[in-house]
Amino acid sequence: MNVSNEDFRQCGKLITPHSGNLRVRSDPNNKILKDGIYIVLPRLKSKWIMSIYRDRCLGTNELEVTVDPVAMAQMSSVTGIQANVYGWLGHQRDQLQNETARNRIKDSRINTFDIGFTLAGAQEFLRRFAKMLEWPFPTWEIDPAHARLMAARKSAVDHMIEMAYQAAAASGTHRVEVAKKKEVRFASKEQFRAHIEVLLREPVCAITKLPLDISFTDLELAPSLDRRNSNGHYELGNLQVVARFVNRWKSDDDQANFQRLIDLVRRGA
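Predicted, not measured: the structure shown is a model, and the values here were computed from it. (Residues numbered from 1 in each chain as written. Predicted model: local features only at pLDDT ≥ 70, side-chain atom pairs only at ≥ 80, totals over all residues. Heavy atoms only, no water.)

(A) Molecular detail of the pairing of strand β5 (residues 113–117). For β5, the buried fraction is high: five of the five residues fall into the buried class. Here β5 shows two buried faces, one formed by F113, I115 and F117 and the other by D114 and G116. (Buried < 20%, exposed > 50% of the residue type's maximum accessible area, 1.4 Å probe, protein only. Helix = DSSP H or I, 4+ residues; strand = E, 2+ residues; numbered from the N terminus.)

Below is the structure:
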């Protein structure tokens, strides 16, 4: 779906009627900001806080949003609120993100938070943002239960990244036989993390569809990073998150054959 200019402008309007704190400073045809809506904080000397872009990277995102968490924190009088801001943004990303944002060149001077959306997802995110602004000093608080879930998810992602790097470091070494060569083919650990977070957005095993235990209470159902093609590398298009026991059972088996066997077991149950 192509997002029309009118849809684009309406996204900017969603966030501004509820509070005088924000102002849309440009429209989609602005020559300075190509294809973006630039939103500022008048009360903080027109400090930039958010931009909304059309996705030009031929992905499945229709719009992408980038925000400045520091500016969000400055909207509140509560000290030490930046952790709440990141928690709130993470909560929205978990619920609404379509695909990892990749449309914008990062400014190394600003630690931004980027989310990729469908048009409907972006509209819902902006409504929620505007709702927070109905408070004079937004606290950016989220449900404590979700905060615990986010902490568990981060721990699970950290564990999978560490296991992948360890496997890559051990590959190609001589034991009884030569281990398969495995490489982590991501530009950075941050890019690797972002991809795994997308894969884990719905915490279910990619092969069996069983719920994953991201708390690691049941280790057999803990999330485990698997290469779909065991002869391939840790790279885009070759990764999936499965239950630990599934990864162990699959081992070096062909993906299609292993899925066939799982389906046979399921039908026979």
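(B) Molecular detail of the side chain of R227. Here R227 lies in strand β6 (residues 223–227). Only 3.0 Å separates the side chain of R227 from the backbone oxygen of G232, close enough to count as a polar contact. Leaving out residues up to four positions away in the same chain, R227 has contacts with K182, G232, H233, Y234, N238, L239 and K250. (Polar contact = N/O pair within 3.5 Å; in protein donor to acceptor, adjacent residues only side chain to side chain. Contact = heavy atoms within 4.5 Å.)

(C) Spatial organisation of the pattern of salt bridges. Applying the stated criterion across every chain yields a total of 12 salt bridges. With a shortest N-O distance of 3.7 Å, R153 and D94 are connected by a salt bridge. Placement of the pair is R153 in helix α5 (residues 144–170) and D94 in helix α3 (residues 82–96), with a sequence separation of 59 residues. Comparing R153 with D94, the two get one shared label, buried. Its salt-bridge partner being E235, residue R185 comes within 3.8 Å of it at the nearest N-O pair. Taken together, the positions of R185 in the loop between α5 and α6 (189–199) and E235 in the loop between β6 and β7 (239–243) put the pair 50 residues apart, joining distant regions of the chain. Given the relative accessible area of 44%, R185 is considered partly exposed. Each of E124, R127 and R128 takes part in a single network of salt bridges with overlapping partners. (Salt bridge = Lys/Arg side-chain N within 4 Å of Asp/Glu carboxyl O.)

Nothing here speaks to function; it is all geometry.
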